[in-house]
Amino acid sequence: MAALRESQRRALHVLAYMMLRMGQEDRAARIYAALASLATPENPDRLALAGTAAVAISEGRGAKALEALRGAMGGAPLSSRQAVLHLMKAQAFWLEGRKEEARAALDEYLFLVGGGKSA
């Protein structure tokens, strides 16, 4: 299978995001899964994995979200724009009933965005 051009990849990311925002989680999940599968293990598509996690969170599937977030957050250091992944991680932990881990992830998010510790 031929690799996607950058413009094609970006267009598919936008399409998946729009599907998710319109409540079409199944369609968004399929696009994100396809994008993630086209990436290499050494250079995962963090945005596709984050999208997969967002779909899982919207469906109430914390364990699946945490699995996707492991890939999205692994490897290279996160940029300040990717700090939101810690917030998503907190949501996923909360869905799994892992409240202390959710609080720790929320605190990490707040620290990264300059908000201090949560109350």
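Look above for the structure.
Residues numbered from 1 in each chain as written. Predicted model: local features only at pLDDT ≥ 70, side-chain atom pairs only at ≥ 80, totals over all residues. Heavy atoms only, no water.

Participant: Can you explain the packing of aromatic side chains? Please cite residues and give values.
Facilitator: The geometry of two aromatic rings is summed up by the distance between their centres and the angle between their planes. Evaluated as defined, the whole model comprises zero aromatic pairs. Across from the ring centre of Trp 94, 4.2 Å away, lies the NZ or CZ of Lys 99, which sits over that ring. (Phe/Tyr/Trp six-rings, centres within 6.5 Å; stacked < 30°, edge-to-face > 60°. Lys NZ or Arg CZ within 6 Å of the ring centre and 35° of its normal.)

Participant: Please set out the packing of helix 3 (residues 46-58) against helix 5 (residues 84-95) residue by residue, giving values where relevant.
Facilitator: Running from amino to carboxyl end, helix 3 crosses helix 5 at an angle of 35°, the nearest separation of the two axes being 10 Å. The handedness of the crossing between helix 3 and helix 5 is left-handed. The segment helix 3 lies against helix 5, with Ala 50, Ala 53, Ala 54 and Ile 57 engaging Leu 85, Met 88, Gln 91, Ala 92 and Leu 95. Grouping the amino acids of the contact of helix 3 with helix 5 by side-chain chemistry returns eight nonpolar, one polar and no charged. (Axes fitted to C-alpha atoms, helices over the stretch in contact; angles between N-to-C directions. Helix = DSSP H or I, 4+ residues; strand = E, 2+ residues; numbered from the N terminus. Left-handed = near helix turned anticlockwise from the far one by under 90°. Contact = heavy atoms within 4.5 Å. Nonpolar A, V, L, I, M, F, W, Y, C, P; charged D, E, K, R; others polar.)

Participant: Provide a residue-level description of the side chain of Asp 45, including the pertinent values.
Facilitator: Topologically, Asp 45 is positioned in the loop between helix 2 (25-38) and helix 3. Within the local environment of Asp 45, its side chain forms a polar contact with the side chain of His 13, the two groups lying 3.0 Å apart. Aside from chain neighbours lying at most four places away, what touches Asp 45 is Arg 9, His 13, Leu 35, Ala 36 and Ala 39. (Polar contact = N/O pair within 3.5 Å; in protein donor to acceptor, adjacent residues only side chain to side chain.)

Participant: An account of the pattern of salt bridges is needed here, citing residue identities and associated values.
Facilitator: One pass over the structure, following the stated rule, counts five salt bridges. The partner of Arg 61 in a salt bridge is Glu 59, and the shortest N-O contact between them spans 3.3 Å. Of the charged contacts, one joins Arg 98 and Glu 101 as a salt bridge, the two residues approaching to 2.6 Å between their closest N and O atoms. The exposure class of Arg 98 is partly exposed, given its relative accessible area of 35%. The class of Glu 101 is partly exposed, set by a relative accessible area of 35%. (Salt bridge = Lys/Arg side-chain N within 4 Å of Asp/Glu carboxyl O. Buried < 20%, exposed > 50% of the residue type's maximum accessible area, 1.4 Å probe, protein only.)

Participant: So what about the packing of helix 4 (residues 62-73) against helix 5? Which residues, and what values?
Facilitator: One can describe the packing of helix 4 onto helix 5 by two numbers: an axis separation of 8 Å at closest approach and a directional angle of 155°. In terms of orientation, helix 4 and helix 5 fall into the roughly antiparallel class. Taken as a pair, helix 4 and helix 5 cross one another with a handedness that is left-handed. Where helix 4 abuts helix 5, its residues Gly 62, Ala 65, Leu 66, Leu 69, Ala 72 and Met 73 lie against Leu 85, His 86, Met 88, Lys 89, Ala 92, Phe 93 and Leu 95. A per-class count over the contact of helix 4 with helix 5 returns ten nonpolar, two polar and one charged. (Parallel < 35°, antiparallel > 145°, perpendicular 65-115°, else oblique.)

Participant: An account of the environment of Arg 27 is needed here, citing residue identities and associated values.
Facilitator: Positionally, Arg 27 belongs in helix 2. Sequence separation of Arg 27 and Glu 108 is 81 residues, and the distance between their C-alpha atoms is 31 Å. There is a polar contact of 3.0 Å between the side chain of Arg 27 and the side chain of Gln 24.

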